[in-house]
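Observations on the three-dimensional arrangement
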Amino acid sequence: MHTISKKPVLLVIAHGSRDPRHAATVHALVRRVRSRRPGLRVETGFLDFNVPSVQGVLESLAAEGVRDVVALPLLLTRAFHAKADIPAVLRDAPPRLRIRQAEVLGPSPLLLQALERRLYEAGLTPADKSSTGVVLASAGSTDPEAIAVIADIAREWWHTGWCAVRPAFASAALPRTEDAVRELRSLGCAKIAVAPYVLAPGFLPDRIARGATEADVLADVLGPAPEVARVLLKRYDAARTPMPVAVGA
């Protein structure tokens, strides 16, 4: 039985997948978020394939008497799901709920830290950085804004000392992971590493892994990395804090 808190409930909205690893990873991340903020109620809802659904969670919260909710898209870019799918679901929520939609997780310097964590866990060391080319492999999108963000992240990450960083996409855009690996190899990087810029396992992350067969290192998905949990809470805090109103506005 939940007690009604003055803090808005954090509703983490995940896409969902037929792959059971997806939901398991989402739940592991949510457990880490709860451990970092014990007084915060955190719920999870899925857009598709998994339960509970976002609509079902919202209806349950309203039935309990909850009034305030921060809905946080578990997404790395502002593509179609963040711009269309999630707002449409939230518009159908029970009218008694006051819902604020938080920003997506990326881009964030903390996510770059999480990417590096995964690369070092996969076998690289900081000493390898200047001689290693990295493929920043994302799921892909038909949204030009989302593709441009991935390219910007790759440029920013390269400036931290890697030999080179190239974006790649598992769907909807080019280049594919295997093509970016070959390009980095032709540039003369001593090692090639693939860093999946995805949150949980599934069909597209598996495609990234298949494209990484010629690389030297394949990192794990971001998953429940502590940096991801920190970003999630930063987005929650920003959404629940009213913006100051400028004098004379």
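Reference entry: report on the structure contained in this document.

Definitions and limits used
Residues numbered from 1 in each chain as written. Predicted model: local features only at pLDDT ≥ 70, side-chain atom pairs only at ≥ 80, totals over all residues. Heavy atoms only, no water. Helix = DSSP H or I, 4+ residues; strand = E, 2+ residues; numbered from the N terminus. Rg over C-alpha atoms; globule rule 2.2 N^0.38 Å. Buried < 20%, exposed > 50% of the residue type's maximum accessible area, 1.4 Å probe, protein only. Contact = heavy atoms within 4.5 Å. Areas by Shrake-Rupley, 256 points an atom, 1.4 Å probe, with all protein chains shown as cover. Lys, Arg positive; Asp, Glu negative; His and termini not counted. Charge placed at Lys NZ, Arg CZ, Asp CG, Glu CD. Pairing = 2+ DSSP bridges. Axes fitted to C-alpha atoms, helices over the stretch in contact; angles between N-to-C directions. Arc of directions from axis to C-beta. Parallel < 35°, antiparallel > 145°, perpendicular 65-115°, else oblique. Left-handed = near helix turned anticlockwise from the far one by under 90°. Nonpolar A, V, L, I, M, F, W, Y, C, P; charged D, E, K, R; others polar. Phe/Tyr/Trp six-rings, centres within 6.5 Å; stacked < 30°, edge-to-face > 60°.

Glancing now at the overall build of the protein chain. Scanning the protein chain from terminus to terminus reveals eight helices and eight strands. For the protein chain, the C-alpha radius of gyration of 19 Å lies close to 18 Å, the compact-globule estimate for 249 residues. In terms of overall dimensions, the protein chain has a C-alpha envelope of 60 × 50 × 35 Å along the principal axes. Within the span of the protein chain, comprising 249 residues, buried residues form 50% of the whole. Of all intrachain contacts in the protein chain linking residues separated by at least 6 positions in sequence, the fraction that spans at least 24 positions is 77%. By element, 55% of the accessible surface of the protein chain is carried by carbon and sulfur atoms, the whole surface being about 11900 Å². With 32 positive and 25 negative side-chain charges, the protein chain shows a spacing of 6 Å between the two charge centroids.

A word on the sheet that holds strand S1 (residues 9-14). Here four strands make up an open sheet; going across it, the order is S2-S1-S3-S4 and the pairing parallel. Looking at the sheet topology across the chains shown, the edges are occupied by strand S2 (42-46) and strand S4 (98-101). Recorded for the sheet is a direction-independent mean angle of 25 degrees between the axes of neighbouring strands. Relative to S4, strand S3 (residues 68-73) runs parallel, the two sharing four bridges. Bridge assignment links Val69 to a residue of S4, and that residue is Ile99. Each of S1 and S2 is contacted by helix H1 (residues 20-36), which is oriented at about 160 degrees to S2, the strand it contacts most. Sitting on the sheet, helix H8 (residues 226-240) touches S1, S3 and S4, and the angle it makes with S3 is about 135 degrees.

This part is about helix H7 (residues 203-211). Since there are 3.6 residues in each turn of an α-helix, residues three or four apart along the chain are aligned in direction. Of the residues making up H7, those classed as buried are Pro205, Ile208 and Gly211. Here the buried residues of H7 occupy an arc of 115 degrees about the axis, which is enough to place them on one side. Among the exposed residues of H7, those pointing more than 90 degrees away from its buried face are Phe203 and Arg210. Where H7 is buried, its residues touch strand S5 (132-138), helix H6 (177-187) and strand S7 (191-196).

Below, the discussion takes up the packing of helix H4 (residues 109-121) against helix H5 (residues 144-158). The N-to-C vectors of H4 and H5 enclose an angle of 65 degrees; their axes lie 11 Å apart at closest approach. Comparing their axes, H5 and H4 come out roughly perpendicular. Seen along the crossing, H4 lies across H5 with a hand that is right-handed. Mapping the contact onto sequence places Leu112, Leu115, Glu116 and Leu119 in H4 and Ile153, Glu156 and Trp157 in H5.

Looking now at the packing of H4 against H8. Running from amino to carboxyl end, H4 crosses H8 at an angle of 165 degrees, the nearest separation of the two axes being 8 Å. With respect to each other, H4 and H8 are oriented roughly antiparallel. Of the two elements, H4 crosses H8, and the hand of that crossing is left-handed. Together, Leu110, Leu111, Gln113, Ala114 and Arg117 of H4 and Pro226, Glu227, Val228, Arg230, Val231 and Lys234 of H8 make up the contact between the two elements. Of the residues assigned to the contact of H4 with H8, the class counts are six nonpolar, one polar and four charged.

Tallied over the entire structure, the rule returns one aromatic pair. A ring pair is formed by Trp157 and Trp162, whose centres lie 5.7 Å apart and whose planes are at 70 degrees; its orientation type is edge-to-face. Per residue, the accessibility class of Trp157 equals that of Trp162, and both read buried.

This part covers the sheet that holds S5. A sheet is described by the order of its strands in space; here four strands give the open sequence S6-S5-S7-S8, paired in parallel fashion. The sheet terminates laterally at strand S6 (164-169) and strand S8 (217-218), the two strands that pair on one side only. Sheet topology note: the S5/S7 ladder contains six bridges and is parallel. What sits directly across from Ala137, in S7, is Pro196. Here H5 sits on the sheet in contact with S5, S6 and S7, set at roughly 160 degrees to S6. Against the sheet, H6 contacts S5, S6 and S7, and its axis sits at roughly 160 degrees relative to S6.

Read these as geometric descriptors, not functional statements.
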